[in-house]
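# Structural features, examined
Letter by letter, the chains look like this.
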Amino acid sequence: NAQKRTGTSYSIYEDNSTKQLTEEMDILNQLAYGLQHEEFEVYLQPKINFQTIEVEGFEALSRWNSSKLGFISPVKYIPIAEQTGKIKAIDLLNFKQILIWLENRMNENKKILPIALNISPDHFYDPDFLENIRNIFYQYNVPPHYIKLEVTESIELVDFKKAKEILNQLRLMGIECSIDDFGIGFSSLSYLPQLPFSEIKIDRSFVSSMNEPGMYAIVQTIIQLAKNIEMRPIAEGIETEEQLAMLQQLGCPAGQGYYFYKPMSISEAEQLLDTQKTADEK
Ligand code: C2E
Ligand code: MG
Ligand code: MG
Ligand code: MG
């Protein structure tokens, strides 16, 4: 009987890995087509200020509804896009969609808030990266301080000096950067205070297990660390009122998560902004 069970699970494993491989091949084959036909659409997840419980900005997240494959999660296609050099085009398409939207709203005298875009390490270290960013700002009339960039923690491991230089250049342009998914990478803490990041995003895995004393202590420590080196801690993946209460108690100033809002389309974000009172209307 035991042998039979092993046999069964082995064949399930085989089926799954074959299925996964086919899926990866399909994604690989459709990426170029999807980019050419602009099948990618940027979604926005509101970031909430914990003092006012108001939206203070958004994170831009890529979404792909492929005409051939249907809806595919970024967790699946982003790594494949990274491996095949297509990620730059995805990042720049997001940038374009965001800047067009912000420019339109500015022209209509409508409220806008800062938007954070995710940048892959490959793109961040690309020799053309800063030039790409400069070029895109020439094309749209949006002040750079409305755009922030999120890069993952492992970025500094690749080339600390280069990372510092790029971050300084971005800062000179008026673009602030956040460290994404902080705590799950293998960064060296000694580099951290020397890098001009403005925000530290506490990874969702810590926030979601804050009810465990050890995890609570980690979140507490990251918040304190961020403040001590003059960076702003931001909590990711808040799903419950209890998590929010704990974060507020620890002095965390802002966060995002399904408890507040899931990522939404640009038109939904538009409705959200238009129904919110502006500061001078209050
Ligand atoms: P990330 O930058 O850490 O983004 C946060 C992820 O957590 C998003 O997943 C978001 O939808 C999800 N999330 C937010 N709040 C909650 C919550 O309360 N509970 C749970 N369970 N999840 C929550 P998403 O959109 O699937 O993106 C996954 C990752 O893919 C991102 O992680 C980012 O690393 C990457 N990514 C997404 N869009 C882009 C992009 O345009 N460019 C690049 N380079 N990477 C991207
Ligand atoms: Mg992010
Ligand atoms: Mg993140
Ligand atoms: Mg994350």
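In this report, we go over the structure that sits alongside the text. (Residues numbered from 1 in each chain as written. Chains lettered and ligands numbered in written order. Predicted model: local features only at pLDDT ≥ 70, side-chain atom pairs only at ≥ 80, totals over all residues. Heavy atoms only, no water.)

## What about the site of ligand 1?
Worth spelling out the cut-off: Neighbouring residues are identified by heavy atoms, a residue being near a molecule or strand if any of them is within 4 Å of it. We call two N or O atoms a polar contact when they sit within 3.5 Å, provided that within protein one can donate a hydrogen and the other can accept it, with sequence-adjacent residues counted only if both atoms are side-chain atoms. The accessible surface values rely on the Shrake-Rupley method and a 1.4 Å probe; as for residues, cover is taken only from the protein chains in view. Helical segments are the DSSP runs of H or I of at least four residues, strand segments are the runs of E of at least two, and each set is numbered from the N terminus. Polar here means any residue other than Ala, Val, Leu, Ile, Met, Phe, Trp, Tyr, Cys and Pro, which are nonpolar, and Asp, Glu, Lys and Arg, which are charged; Gly is therefore polar.
Residues in contact with ligand 1 amount to 24 residues; listed here are only the nearest, Arg63, Asn94, Asp180, Glu239 and Tyr258. Interatomic distance of 3.0 Å between a side-chain N/O atom of Glu59 and an oxygen atom of ligand 1. Here Arg204 contributes a side-chain N or O atom positioned 3.1 Å from an oxygen atom of ligand 1. Against a free-state accessible area of 800 Å², the protein chains account for coverage of 85% of ligand 1. Elements represented by at least two residues in the shell around ligand 1 include exactly strand E2 (54-66), helix H2 (74-83), helix H3 (87-107) and strand E6 (176-182). Element by element, the count of residues in the shell around ligand 1 is highest for E2, at four residues. Of the residues contributing to the shell around ligand 1, the split by class is nine nonpolar, seven polar and eight charged.

## Side note on the coordination of the magnesium ion (ligand 3)
Put simply, the test is: Listed donors are limited to N, O and S atoms within 2.8 Å of the metal, widened to 3.2 Å for Na, K and Ca; water is not among them, so incomplete-looking sites are possible. When accessible area is computed with a 1.4 Å probe and restricted to protein chains, residues below 20% of their type maximum are described as buried, those above 50% as exposed, and intermediate ones as partly exposed.
The protein atoms donating to the magnesium ion (ligand 3) are Asp180 (OD), Asp181 (OD) and Glu236 (OE), with metal-donor distances spanning 1.7 to 2.4 Å. Separating the magnesium ion (ligand 3) from the magnesium ion (ligand 2) is a gap of 3.6 Å, bridged by Asp180, which donates to each. With relative accessibility at 7%, the residue Asp180 sits in the buried group.

## As for the packing of aromatic side chains
Spelled out, the test is: Working definition: a ring pair exists when centres of Phe, Tyr or Trp rings (six-membered ring for Trp) sit within 6.5 Å. Plane angles under 30 degrees give stacked, over 60 give edge-to-face, the rest tilted.
A complete count under the given rule lists ten aromatic pairs for this structure. The interplanar angle of 25 degrees and the centroid separation of 4.8 Å between the aromatic rings of Phe40 and Trp64 together place this pair among those described as stacked. Within this pair, whereas Phe40 is found in strand E1 (residues 40-49), its partner Trp64 is found in strand E2, the two being separated by 24 residues in sequence. A residue is classified by how much of its surface remains accessible, and Phe40, at 1% relative accessible area, is buried. Residue Trp64 is classed as buried on the basis of its relative accessible area of 0%. The interplanar angle of 90 degrees and the centroid separation of 5.3 Å between the aromatic rings of Phe124 and Tyr125 together place this pair among those described as edge-to-face. Note on Phe124: relative accessible area 1%, which makes it buried.

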